[in-house]
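# Structural overview
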Amino acid sequence: MTKRNVTICVSWPYANNNLHIGYIASSLSGDILARYHRMVGDDVIMVSGTDSHGTKPVLKAKKEGVTPKDIVDRYHKNFIEALDKFNFSFDKFSITYDEYHKQKCMDIFKKLYDNGYLYEKQLRRPYCEKCGKFVADTEIEITCPECGRRTKADNCDCGHVPTEADLEGATCLVCGGKTSQKQDKVLVFKLTAFKDVLTKLVKDNENVWRANSLNETKKYLADLRDRDFSRDLDWGVKIPVEGYENKVVWVWWEALLGYLTDTMKLGEEKGFDWRKFWKTDVEPNVKKIIYMVHAKDNIVFHSMFLPAMLEGLHDNFVINNTMVSAEYLMANNAKISKSSSGTSHEALDWANNYNTDSLRYHFAANGPETKDANFTFELFQTANNTEVVNKFGNLINRTLKFKGLETLPSGKLDETIKAEVEKTYDEVAKFIENIEFKKASERAMELVSFANKYYDENKPWVLAKENIEEFNNVIYSCAYVIANLSNIFEPFMPNASAKLREFLNLNKTPEWKPISIEGGIKLDKVEPLFSRI
RNA sequence: CGCGGGAUAGAGCAGUCCGGAAGCUCGUCGGGCUCAUAACCCGAAGGUCACAGGUUCAAAUCCUGUUCCCGCAACCA
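As a starting point, this report considers the structure included with it. Source: prediction; values computed, not measured. (Residues numbered from 1 in each chain as written. Chains lettered and ligands numbered in written order. Predicted model: local features only at pLDDT ≥ 70, side-chain atom pairs only at ≥ 80, totals over all residues. Heavy atoms only, no water.)

### Re the state of the cysteines
The final tally for this structure, using the stated rule, is zero disulfides. Its sulfur unpaired, cysteine 9 is 14 Å from the next cysteine sulfur, which belongs to cysteine 105. Owing to a relative accessible area of 0%, cysteine 9 belongs among the buried residues under this scheme. (Disulfide = S-S within 2.5 Å. Buried < 20%, exposed > 50% of the residue type's maximum accessible area, 1.4 Å probe, protein only.)

This is how it looks when you write it as structure tokens:
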């Protein structure tokens, strides 16, 4: 296959709470893609980082009497630790308060301004005299005129959306004082200027994107509006326009550019030209794939906001991308973010208590790919004990720990096994490239079932006593399957795959193609890959 | 009536675009095997495809309406 340049953009977790398993479930697709594309020989980068700006860290910092940086550093550390334990193979995982990111963003925003895509709008906003600044809706509290309860001003639990008038005399949550409506201005991004480009983008991907990405984007296009670009806040990326010294860029606009700034930084560090991943005029003959991996609440930002910004630079950016939009992971049928039950939904807790390969497999096979997926300990336990331990782990054990077997015998490779292995590579690859990870992981597991069946039908425990040559052929053929499972499962269960390579003295760098195996390997390193829970 | 995704055996899901004998994994029940972490293999039972209409020789699939879950729409991100 000809080499492609593949960029995998995994959405940026917000530094407001510890990483939860929903993020792992919806982002895993990115790591599966990254590992697979590296194995087929593509030039791959996978990037993301911590989204550190916005009002929430600021509020939390005030409450705890620390700086916003202290808050986001705490969560950034948690993100890195959790993602590392789940074996996410990021080439870069940065943080948006990084000076490099901020500077590059400001350069880009200046260009968008110069190109005429940012304009000023007047409006009235709540202003706190005591704090001496305009405050965000989440920083003030009002009495809801609909239900009479106290609520933050962005929305009320009763469903009422406060109007400009409702905000008059709101309470500032920072200082406790009253706010008043004052004349303010906001910088607006001219999203409507990109209607044709975005319409074409959707049309070009009619058979590529999932239904949620396509329809959600079409809906926005039907009623396309310009979007606010600035925010009244001092924690964020400064706006390189005169008169906006006290405002910052709304986090979305700069966080999305993190994919680009990560790539630029990576290029400087590793010595490659970042443009080969993002520009049509660099390595023009190499196919470029840009995957956008995120959950459904992020759709339009990736399908519209980012492409519009890139197009607005008038600089041959690759606009076309492959949207990989997941639905939501529910925990015990409740929204993870709002759940307050005793069970932890923190990614790090799960990683510390259970086998992350097993969790990865479970999320690939039963994750929120096209609709919300429920996640419970019981469902995971079943998947772990039946699919992962009984089928996968047991195949390894019954083959490589066959009673009395100390070295792998040489033998003749069974033709049906050889053919099935080749077929599995092709079909799993097809599913992965088609962003169907549920099917891909299940198809991979079918090879395990195929081998277990082959094992049973050929009864090596009988052959061991009656026909040692045939016994050797069967065990050798099963070991051949196991060697290839170490490749095929690399995107899904990287730890187990690495251990299999160690058991069988295989090359440490896996490739997406059948590998042969030699007899005579000492089997003393073999141990159970997974344990029951 | 703001908009998008979803509702299919006890559980989790595929099938819906392009209508043509209801499938997969797990669980349950029965059988086989004894190499293996009591794992593995074979077989069976189990579903008015959310609900109500309609189109058709034929509907899980197309059309209309309804209910429920999730998300988006606002200076939350």
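### Topic: the nonpolar core
Counting residues in each nonpolar core, the largest one holds 104 residues, and the members touching the most others are Ile8, Phe392, Phe489 and Phe492. With 12 residues, the top contributor of residues to this core is helix α17 (residues 468-488). If we skip the residues at most four places from it in the chain, phenylalanine 392 touches Glu387, Met445, Val448, Leu485, Phe489, Met493, Leu500, Leu529 and Phe530. Counting 57 residues, the second-largest nonpolar core is a separate cluster that includes Leu112, Trp250, Val300 and Ala308. (Core = buried A, V, L, I, M, F, W, Y, C linked by side-chain atoms within 4.5 Å. Helix = DSSP H or I, 4+ residues; strand = E, 2+ residues; numbered from the N terminus. Contact = heavy atoms within 4.5 Å.)

### Side note on the packing of helix α2 (residues 55-64) against helix α3 (residues 68-85)
Direction vectors running N to C along α2 and α3 enclose 110 degrees, while the axes themselves pass 8 Å from each other. By the criterion of interaxial angle, the relationship of α2 to α3 is roughly perpendicular. Residue-level contacts link Pro57, Val58, Lys60, Ala61 and Glu64 of α2 to Pro68, Ile71, Val72, Arg74 and Tyr75 of α3. By residue class, the composition of the contact of α2 with α3 is seven nonpolar, no polar and three charged. (Axes fitted to C-alpha atoms, helices over the stretch in contact; angles between N-to-C directions. Parallel < 35°, antiparallel > 145°, perpendicular 65-115°, else oblique. Nonpolar A, V, L, I, M, F, W, Y, C, P; charged D, E, K, R; others polar.)

### Here's the deal with the pattern of salt bridges
Going through the model one piece at a time under the given rule, you end up with 34 salt bridges. Between lysine 3 and glutamate 283 there is a salt bridge, with the nearest N and O atoms lying 4.0 Å from each other. Pair noted here: lysine 3 is in the segment before β1 (5-10) and glutamate 283 is in the loop between α9 (275-278) and β13 (288-295), with a separation of 280 residues, a long-range link. A salt bridge links glutamate 490 to arginine 35, with the nearest nitrogen and oxygen atoms 2.8 Å apart. Placement of glutamate 490 in the loop between α17 and α18 (494-503) and of arginine 35 in helix α1 (residues 21-39) is noted, with a sequence separation of 455 residues between them. On the accessibility criterion, glutamate 490 (8% relative accessible area) is buried. With relative accessibility at 12%, the residue arginine 35 sits in the buried group. One network of salt bridges, with partners in common, ties together Asp31, Arg35, Arg360, Glu490 and Arg501. (Salt bridge = Lys/Arg side-chain N within 4 Å of Asp/Glu carboxyl O.)

### Considerations on the packing of helix α5 (residues 195-204) against helix α10 (residues 299-312)
Contact pair α5 / α10: the axes reach a minimum separation of 10 Å and the direction vectors enclose 125 degrees. Judged by the inter-axis angle, α5 sits oblique to α10. The hand of the α5/α10 crossing is right-handed. Of the residues in α10, those in contact with Val197, Leu198 and Leu201 of α5 are Ser303, Met304, Pro307, Ala308 and Glu311. (Left-handed = near helix turned anticlockwise from the far one by under 90°.)

### Notes on the sheet that holds β13
Through backbone hydrogen bonds, the strands of a sheet pair up, either in parallel or in antiparallel fashion. Overall, parallel pairing links the five strands, which are arranged β3-β2-β1-β13-β14 in an open sheet. The strands lining the two open edges of the sheet, one partner per strand, are β3 (92-95) and β14 (322-326). In this sheet, adjacent strand axes meet at a mean angle of 20 degrees when their direction is disregarded. Strands β1, β2 (43-50), β3 and β13 of the sheet are contacted by helix α8 (residues 258-270), whose axis makes an angle of about 120 degrees with β2. (Pairing = 2+ DSSP bridges.)

### Digging into the environment of arginine 443
Within the fold, arginine 443 resides in helix α15 (residues 437-458). Its relative accessible area of 6% is what places arginine 443 among the buried residues. On a C-alpha basis, the gap between arginine 443 and alanine 365 in space is 9.8 Å, while along the polypeptide they are 78 residues apart. Apart from the residues lying within four places of it in its own chain, the contact partners of arginine 443 are Glu420, Lys423, Thr424, Glu427, Val428 and Phe431. At 3.4 Å, the side chain of arginine 443 forms a polar contact with the side chain of threonine 424. (Polar contact = N/O pair within 3.5 Å; in protein donor to acceptor, adjacent residues only side chain to side chain.)

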